[in-house]
Amino acid sequence: MLQALLFLFMGLAGSAGPGHYGMRVLAYRQQLDRGLPFAPGTEDGGFAYSWWLMCFGQAKLADGALRQFGNLAGIMGWLTLVGIVGTAICITLNAGLGD
């Protein structure tokens, strides 16, 4: 059962992770191209920008495409985070059981 959960979480992180990254790039380019203001500390498009998208900060800006890219990036970011945490927990439990 634990191996099935590990497989599930790794698949979740492995498929949602690239989706999050791609949508984050599109959202960042949209924000740059439209000249929309960045939240403090997110101007470089790094981890802080990903977190800002995952907290749906783009919803306040009046740009439909940015909201769409940002919402998809946020959802996929949360799925990736769940997959990474679930994978870590399954590996830890598996190591503790001595399998």
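The shown structure was predicted, so the numbers you read here are calculated from the model rather than taken from an experiment.

What counts and how
- Residues numbered from 1 in each chain as written.
- Predicted model: local features only at pLDDT ≥ 70, side-chain atom pairs only at ≥ 80, totals over all residues.
- Heavy atoms only, no water.
- Core = buried A, V, L, I, M, F, W, Y, C linked by side-chain atoms within 4.5 Å.
- Buried < 20%, exposed > 50% of the residue type's maximum accessible area, 1.4 Å probe, protein only.
- Helix = DSSP H or I, 4+ residues; strand = E, 2+ residues; numbered from the N terminus.
- Contact = heavy atoms within 4.5 Å.
- Polar contact = N/O pair within 3.5 Å; in protein donor to acceptor, adjacent residues only side chain to side chain.
- Salt bridge = Lys/Arg side-chain N within 4 Å of Asp/Glu carboxyl O.
- pLDDT = per-residue confidence, 0-100.

Let us look at the nonpolar core. Within soluble globular proteins, side chains that are nonpolar generally end up buried alongside one another. Residues Met23, Ala27, Tyr28, Leu36, Tyr49, Trp52, Leu53, Leu61, Leu66 and Ala73 constitute the largest nonpolar core, which totals 10 residues. Counting residues per element, the ones that place at least two in this core are α1 (2–34), α2 (47–54) and α3 (64–97). If near-sequence neighbours (up to four positions away) are discounted, Leu36 is found in contact with Gln31, Leu61, Asp63 and Leu66.

Summarising the element assignment, Tyr21 is placed in helix α1. Considering only alpha carbons, one finds Tyr21 and Gly64, 43 residues apart in sequence, at a separation of 19 Å.

In terms of backbone geometry, most residues other than glycine have negative phi values and most peptide bonds are trans. The phi dihedral of Phe56 is positive, around 60°, even though this residue is not glycine. The exposure class assigned to Phe56 is partly exposed, which follows from its relative accessible area of 32%.

Moving on, we get to the side chain of Thr87. Residue placement: Thr87 occurs in helix α3. Residue classification places Thr87 among the buried residues on the basis of a relative accessible area of 14%. Only 2.7 Å separates the side chain of Thr87 from the backbone oxygen of Gly83, close enough to count as a polar contact.

What follows covers the pattern of salt bridges. On inspection of all chains with the given rule, the structure shows two salt bridges. Here Arg34 and Asp63 are joined by a salt bridge, their closest N and O atoms 2.9 Å apart. Of the two residues, Arg34 sits in helix α1 while Asp63 sits in the loop between α2 and α3, which places them 29 residues apart along the sequence. Given a relative accessible area of 7%, Asp63 falls into the buried group.

Another point: the confidence of the model for the protein. Caution applies to low-pLDDT regions: their predicted coordinates should not be interpreted in detail. Taken residue by residue, the protein gives an average pLDDT of 93. The fraction at 70 or more is 98%. Confidence, expressed as mean pLDDT per element, reaches its minimum in the protein at α3 with 94 and its maximum at α2 with 96.

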